[in-house]
Each structure stands twice: as structure tokens, then as C-alpha cells.
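Survey of secondary and tertiary structure
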Amino acid sequence: LGKLCDAFSEMKEELKESLSAQWKMEQERVEMVESLAHDLKAPLSVIRGYSEALVDSPATDEKRYRYLAVIKENAEKSSALVQRMQYTSDLEQSEVRLQLVPINLPEFLEQKMRHYELQAGKKGIGISMKIQGEIPNPYLVDEDRLERILDNIVSNSIEYTPAEGWVRISVKAEKESVSYEICDSGSGFRQKDRERAFDKFYRGDEARRSNDGHSGLGLYIVRQLAEQLGGSVRIDNTESGGACVIFRHR
């Protein structure tokens with residue numbers, strides 16, 4: 001009888017753990033759907049409004065072109081949100097296959113900088129990059145994952161930095177890795193943000209949210225990718241109060 005009671009107790013604990021895991025998965029699914037629905041609401045409302053305006057009132061060619069440009073832009077935002085959710089799901093697959101390729105890392109970074117300079121120039125933001133130390137050439141890395149990390153961090157810094165501000169990128173070759181520090185003159189992170197910034201769907205301070213929909217996945221994705229590259233990521237603030245994101249990879 002004692003053994004039977006022990007067996008039932010063990011089964012009860014296993015069932016409890018199983019139900020708890022299922023509940024957690026269901027909660028994450030609900031949060032994902034709610035987050036996506038929230039972020040899609042804004043661009044879809046814009047698309048609907050401008051589409052109705054085109055249908056209901058006559059418009060000059062110039063006005064029609066402007067309206068269609070807004071519709072196209074918001075349709076692309078909606079598509080990007082869905083793709084980001086799909087990409088996040090792929091990241092969480094148990095099997096990770098890195099596509100390591102030899103690249104000239106400084107040249108790769110200079111090429112990325114030209115893209116960021118165009119993005120920053122639209123807001124009058126100054127952006128600079130400094131590379132320290134001798135980076136092996138060629139450098140073996142998963143180029144796609146590294147590019148996604150940089151795009152997430154730098155694009156956010158540019159977005160949350162006010163006009164005429166600055167974004168500074170520091171790259172340093174270390175013994176067995178490369179570290180990056182991306183700092184800006186924006187609003188910085190509050191203490192609450194520092195504790196939860198890497199949580200999935202965490203939206204954080206209003207001052208560091210996107211104006212056109214924010215999925216709360218940017219830093220979560222960065223952490224996943226950095227860890228897959230054998231590295232890590234953390235956030236901090238500059239002495240003047242701006243935000244810094246520091247990550248490294250092997």
C-alpha cells in the first residue's frame with residue numbers, strides 16, 4: 001500500500017509538471033497572438049483609412065501617389081511584423097545549424113555602416129564606427145546571424161535617438177571573440193527595462209518604443225542569436241543617459 005501511495009504521488013507530480021508546461025506554452029501562444037494583433041492594428045488602420053479616402057473622394061495624381069505610398073509602407077510594416085514572429089519561432093527550434101563562412105569582418109562592417117549612414121541621415125543623426133585591435137582575416141562567423149544582430153540594435157538606436165543626436169559603434173578584437181558596443185544619445189534604459197529588456201514581448205519604456213508598432217522581440221532576438229554564436233549581450237546607459245547595447249561573439 002505504501003509503494004502504491006508513493007507511485008500515485010510520483011504520478012501526481014509528473015502530471016502537475018506536464019500540465020504546468022502545457023499552461024506555460026498556451027500562455028506564450030496567447031501572448032504572441034495578442035502582441036501581433038496589437039502591433040498589426042496601427043498599420044492596418046492606416047491602410048484602411050487611406051484606402052477609403054482614395055475610394056470616397058477624387059484625388060489628383062500627386063495626392064493619389066502620396067496615399068498609395070503610405071499604404072505600401074504600412075503594408076510592408078505589417079508583413080515585417082509577421083515575418084519577425086515567424087523568425088522568432090524558427091530561432092527557438094532545438095537544433096541550431098550555424099552557417100560559418102570566412103569573411104573580411106572590417107569590410108563587412110564598413111558595408112553595413114554605409115546602409116546605417118543613409119538611415120541615420122534621414123533624421124540628421126551622426127553615426128560613427130571605431131575598430132580596435134587586430135581582427136583575424138578571414139574571420140569565421142555566421143554572417144546572416146551577425147547581420148541580424150547589428151540590424152536590430154543599430155536600427156533601434158537610430159529610431160529612438162532624437163534628430164541631431166548621435167549613434168556610436170565601437171568594435172574591439174579580443175583574444176577569442178569580437179565585442180561590439182552600440183551607444184546612442186536617446187532616452188536610455190530605466191532600471192525596470194534593464195531587468196526585463198530581454199524577455200519575450202517586453203515593451204519597456206514608452207520613450208524607447210517604436211512609433212509604428214513594437215513587437216517587444218528585438219532584444220529577445222538579439223540575445224538568442226548572440227548565444228547561438230557562442231556570445232552574450234547586455235544593456236547599459238552612457239554617462240549622459242543614452243542607451244548602450246553591448247554584445248560579443250566568437
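Residues numbered from 1 in each chain as written. Predicted model: local features only at pLDDT ≥ 70, side-chain atom pairs only at ≥ 80, totals over all residues. Heavy atoms only, no water.

**Focus: the sheet that holds strand β6 (residues 232–237)**
- Sheet architecture is open: 5 strands sit in the order β2-β4-β5-β7-β6, paired in mixed fashion. Where the open sheet ends on each side, the last strands, each with one partner, are β2 (126–132) and β6. Taken pair by pair, the neighbouring strands of this sheet meet at an average axis angle of 15 degrees, ignoring direction.
- Judged from the 6 bridges that link them, β6 and strand β7 (residues 243–249) form a sheet pairing that is antiparallel. Within the sheet, the bridge partner assigned to Val233 lies in β7 and is Phe247.
- Packing of helix α6 (residues 218–228) onto the sheet brings it into contact with β6 and β7, and relative to β6 it is tilted by some 140 degrees. (Pairing = 2+ DSSP bridges. Helix = DSSP H or I, 4+ residues; strand = E, 2+ residues; numbered from the N terminus. Axes fitted to C-alpha atoms, helices over the stretch in contact; angles between N-to-C directions. Contact = heavy atoms within 4.5 Å.)

**A word on a nonpolar patch on the surface**
- Taken together, the side chains of Leu1, Leu4, Phe8 and Met11 make up a nonpolar region of the molecular surface, amounting to roughly 500 Å² of accessible area.
- Considering the arrangement of structural elements, one finds Met11 in helix α1 (residues 2–56).
- Given the relative accessible area of 51%, Met11 is considered exposed. (Patch = residues over 30% accessible without salt bridge, like charges linked within 9 Å, V, L, I, M, F, W, Y side chains within 5 Å. Areas by Shrake-Rupley, 256 points an atom, 1.4 Å probe, with all protein chains shown as cover. Salt bridge = Lys/Arg side-chain N within 4 Å of Asp/Glu carboxyl O. Buried < 20%, exposed > 50% of the residue type's maximum accessible area, 1.4 Å probe, protein only.)

**Considering unusual backbone geometry**
- With an omega dihedral of 5 degrees, the bond running from Asn137 to Pro138 counts as a cis peptide bond.
- Of note, Pro138 is situated in the loop between β2 and β3 (139–142).
- Backbone geometry at Glu164 places phi at a positive 70 degrees, although glycine is not the residue there.
- Mapping Glu164 onto the fold places it in the loop between α4 (143–160) and β4 (166–173).
- Under the relative-accessibility criterion, Glu164 is labelled exposed at 65%.

**What to know about the environment of Tyr180**
- Mapped onto the elements of the fold, Tyr180 is located in strand β5 (residues 178–184).
- Accessibility expressed as a relative area gives 1% for Tyr180, which makes it buried.
- In sequence terms Tyr180 and Val245 are 65 residues apart; their C-alpha atoms lie 8.1 Å from each other.
- Look past the residues within four positions of Tyr180 in its chain and what remains in contact with it is Leu105, Leu109, Leu146, Leu150, Ser170, Val171, Val245, Ile246, Phe247 and His249.
- Among the polar contacts listed, one links the side chain of Tyr180 to the side chain of His249, at a separation of 2.8 Å. (Polar contact = N/O pair within 3.5 Å; in protein donor to acceptor, adjacent residues only side chain to side chain.)

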